[in-house]
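An overview of the molecular structure
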Amino acid sequence: MVIIAEMNVLTVGVGDRKGQFEGLPIHVFNRNSAHDAIRSFKTDQVDSVICDWNLADMPGGQFLKKLKSVKPDMPIIAIVEADNPQQEIEARTLGVSAVVTEDCEGCQLRQA
């Protein structure tokens with residue numbers, strides 16, 4: 001017996017990358033700001049998060065830091081600047097599940 005479960009993934013600040021998730025067994029909630037993402041947690045069942053490290057309304061990983069403090073077991077993929085190792089260090093120290101860089105290709109993002 002094979003069971004395929006569709007996950008609900010909240011993407012925050014990923015812009016045009018949301019199309020890279022087509023064909024995967026996930027339902028994507030795409031939000032452009034941290035404040036919109038926070039509202040999604042109140043109205044939607046969210047299983048995991050893919051989020052840019054620098055959001056316009058919460059730069060420097062502020063949204064991910066707040067999220068980890070209230071939902072420490074939430075699987076999170078952080079998207080960081082390719083030429084900024086400090087962001088990767090901060091994201092990994094925070095305890096995200098995976099880190100990818102902004103310049104990654106769609107196939108790399110799917111493997112994260």
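Presented here is a report on the structure given in the accompanying data block. The shown structure was predicted, so the numbers you read here are calculated from the model rather than taken from an experiment. (Residues numbered from 1 in each chain as written. Predicted model: local features only at pLDDT ≥ 70, side-chain atom pairs only at ≥ 80, totals over all residues. Heavy atoms only, no water.)

1. Quick word on the overall build of the protein
Inclusion rule: Labels follow the DSSP assignment, with helices taken as runs of H or I lasting at least four residues and strands as runs of E lasting at least two, numbered in each case from the N terminus. Three exposure classes are used, based on accessible area relative to the maximum for each residue type with a 1.4 Å probe and protein chains only: buried under 20%, partly exposed in between, and exposed over 50%. Note on contacts: a residue pair qualifies if any of its non-hydrogen atoms lie within 4.5 Å across the two residues. The Shrake-Rupley method, run with a 1.4 Å probe, gives the accessible areas here. Residue values count only the displayed protein chains as cover.
A count of helices and strands for the protein gives four helices and five strands. Listing the helices and strands of the protein from first to last along the sequence gives β-β-α-β-α-β-α-β-α. In the protein, which comprises 112 residues, the proportion classed as buried is 38%. Of the contacts made within the protein by residues no fewer than 6 positions apart, 47% connect residues no fewer than 24 positions apart. Summed over its atoms, the accessible surface of the protein is roughly 6,500 Å², and 50% of this surface lies on carbon and sulfur atoms.

2. Some thoughts on helix α1 (residues 34-43)
Put simply, the rule is: What the arc describes is the spread of directions from the helix axis to the C-beta atoms.
Residues of α1 that are buried: A34, A37 and S40. Seen end-on, α1 carries its buried residues on one side only, within an arc spanning 105°. Looking at α1, the residues exposed on the side facing more than 90 degrees away from the buried face are K42 and T43. Contacts made by the buried residues of α1 are with β1 (7-12), β2 (26-31) and α2 (62-70).

3. Observations concerning α2
Of the positions making up α2, those classed as buried are F63, L64, L67 and K68. Taken end-on, α2 shows its buried residues confined to a sector of 130°, consistent with a single buried face. In α2, the exposed residues that point more than 90 degrees away from the buried face are S69 and V70. Considering only its buried residues, α2 is in contact with β1, α1, β3 (48-52), β4 (76-80) and α3 (85-94).

4. What about the environment of P25?
Structurally, P25 can be placed in the loop between β1 and β2. For the pair P25 and N8, spaced 17 residues apart in sequence, the C-alpha separation works out to 9.2 Å.

5. Examining the pairing of β3
Quick reminder of the rule: DSSP bridges decide pairing: two strands pair if at least two such bridges lie between them.
Counting buried positions over the five residues of β3 gives five, a clear majority of the element. Here β3 shows two buried faces, one formed by S48, I50 and D52 and the other by V49 and C51. Pairing between β1 and β3: four bridges, direction parallel. Across the sheet, T11 pairs through a bridge with I50, a residue of β3. In this structure, β3 lies alongside β4, joined through four bridges in parallel fashion.

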